[in-house]
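Results of the structural survey
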Amino acid sequence: SAAPDLGRRHVLVTAGGTREAVDPVRYLGNRSSGRQGYALAATAAARGARVTLVAANSELPDPAGVEVHHVESALEMRDAVWAVLGAVDAVAMAAAVADFRPSSQTSSKIKKTVGAPEAIPLTANPDILAELTRERNDAGRTHPVIIGFAAETDNAVENGRAKLASKGCDLLVVNEVGAGRAFGTTDNQAVILGRDGSERPVSRGPKEELADEVWDLVIPRLSDTQSN
Ligand code: C5P
């Protein structure tokens, strides 16, 4: 869709995968490429939105016409999201956020001469999506529209419904993942679940097509008040 149907709207997208430092040179990370989030940012910009992209460790180039904040860790991502949250009409949380981070990080590189550490203690990261939906829902607001993402290998709809309820978001994009699917590929197959009970299957296709389907579902949920 080339229609500027997101004109005068400001959207926030998270993308990529967070890295949680172990020491100055090592981290715990994941295989997220950032492609789905970057596709969401690019398609929203093409549809006229002002776009802020909080990007974690993606190798993709910054999309044209998008304001990009580069972050490393979950805690940095949380700060970057909260810094713009009050100004946006919709938030799409496509990033793969690490559930845990090393409880402490050494200021110098762990030397192999001291021998292998027996364990790396971990601490839970905040669930950024759950935090922002809780704050919004507790305040009795429906603004901004909040979109979560999930990857499921089995029972996508059933597991997705449970996740949507626990996260409190308006839409949940459930990627149907399996061997060779979703991570790092350019294609995606998904079902987009709505808090209102709606269910939109999206057949396998480019991540830009899924992104456009997401924005198509966001538009009727936007409130009349515009943030931009
Ligand atoms: O619980 P799960 O990781 O499957 O949820 C995925 C969704 O929650 C994604 O939208 C992801 O960006 C978001 N998330 C988050 N903060 C976390 C973990 C996940 O915002 N710590």
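Residues numbered from 1 in each chain as written. Predicted model: local features only at pLDDT ≥ 70, side-chain atom pairs only at ≥ 80, totals over all residues. Heavy atoms only, no water.

Under an unreviewed UniProt entry, the name given to the chain is Coenzyme A biosynthesis bifunctional protein CoaBC, and the organism recorded is Lipingzhangella rawalii.

**Description of helix α3 (residues 128-138)**
The condition that has to hold: For the exposure calls, accessible area comes from a 1.4 Å probe over protein chains only, and a residue counts as buried if that area is under 20% of its type's maximum, exposed if over 50%, partly exposed in between. Runs of H or I in DSSP of at least four residues are treated as helices and runs of E of at least two as strands, each being numbered from the N terminus.
Those residues of α3 that sit buried are Ile-128, Leu-129, Ala-130, Glu-131, Leu-132, Thr-133 and Arg-136. Gly-140 lies just past α3 and shows a positive phi near 70 degrees.

**A short note on unusual backbone geometry**
In this chain, His-143 is followed by Pro-144 through a cis amide linkage whose omega measures 0 degrees. Phi is positive for Arg-8, close to 65 degrees, though the residue is something other than glycine. Looking at the element boundaries, Arg-8 is found in the segment before β1 (10-16). Unusually for a residue other than glycine, Asn-155 sits at a positive phi of about 45 degrees. Tracing the sequence through the fold places Asn-155 in the loop between β9 (145-152) and α4 (156-167).

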